[in-house]
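Residues per chain are reported as follows:
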Amino acid sequence: MQVKDVMTRGVECVAPDATLQDAARKMKDLDVGPLPVCDNDRLAGMLTDRDIAVRAVADGRDPKTTRVRDVMSPGVTWVFEDDDVKDAARLMREKQLRRLVVLNRDKRLAGIVSLGDLAVETRDERLAGKTLEKVSQPAGA
């Protein structure tokens, strides 16, 4: 089974020059915690609700003026949509990630695959359980 068979499609991006307030509003409207950051149709990073809370609000930054690029995570782990789901699960275990950005072979955003997608869509309880166990371990354990 390939990643494209289980991933969530129609993922929306936020621009690096958007404000954190705009990004947070988009998260609220879409009911999501992570947003890929795209610059001219290319993946530039990832912004999560936790990034906003820990890297901006906790430091007293103004969400109306602080830009996404100032708090996003630039190093994004991704898979291709035609990769095997077992490879995506292995990458999640190794990097302790609950979701991966999915790119097409032109390196354009195609979707996101989450631990939940693996559990529900593959119906492979062993794969999902093993991945969840590794992702949930404290870092360095």
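Residues numbered from 1 in each chain as written. Predicted model: local features only at pLDDT ≥ 70, side-chain atom pairs only at ≥ 80, totals over all residues. Heavy atoms only, no water.

Engineer: It is not clear to me how the sheet that holds strand 5 (residues 109-114) should be interpreted in this structure. Could you clarify?
Structural biologist: Two pairing modes exist for strands in a sheet, parallel and antiparallel, and in both the strands are linked by backbone hydrogen bonds. An order of 3-4-5 is seen for the three strands of this open sheet, with the pairing classed as mixed. Here the strands that pair on one side only, and so sit at the sheet edges, are strand 3 (78-80) and strand 5. In this sheet, neighbouring strand axes are inclined to one another by 35° on average, regardless of whether the strands run parallel or antiparallel. The pairing of strand 4 (residues 99-103) with strand 5 spans five bridges and is antiparallel. Bridge pairing in strand 5 links Val102 to Gly111. (Pairing = 2+ DSSP bridges. Helix = DSSP H or I, 4+ residues; strand = E, 2+ residues; numbered from the N terminus. Axes fitted to C-alpha atoms, helices over the stretch in contact; angles between N-to-C directions.)

Engineer: What's the story with unusual backbone geometry in this structure? I'm lost.
Structural biologist: Note on backbone geometry: most residues besides glycine have negative phi, and most peptide bonds are trans. You will see that Asp31, though not glycine, has its phi angle at about 55°, which is positive. Looking at where Asp31 falls in the secondary structure, it is placed in the loop between helix 1 (20-30) and strand 1 (34-39). Here the phi dihedral of Lys107 falls at roughly 60°; this positive angle occurs in a residue that is not glycine. Position of Lys107 among the secondary structure elements: in the loop between strand 4 and strand 5. With a relative accessible area of 43%, Lys107 lands in the partly exposed category. (Buried < 20%, exposed > 50% of the residue type's maximum accessible area, 1.4 Å probe, protein only.)

Engineer: Looking at this model, I keep getting lost on the nonpolar core. Mind explaining?
Structural biologist: Nonpolar side chains in soluble globular proteins tend to end up buried together. Grouped together as the largest cluster of nonpolar side chains are 14 residues, with contacts concentrated most on Val3, Met7, Val79, Leu100, Val102, Val113 and Leu118. Every element with two or more residues in this core is listed here: helix 3 (85-95), strand 4 and strand 5. Per element, the largest residue contribution to this core is five residues, and it comes from helix 3. Core analysis: the second largest hydrophobic core is formed by 13 residues, Val14, Ala18, Leu47 and Val71 among them. (Core = buried A, V, L, I, M, F, W, Y, C linked by side-chain atoms within 4.5 Å.)

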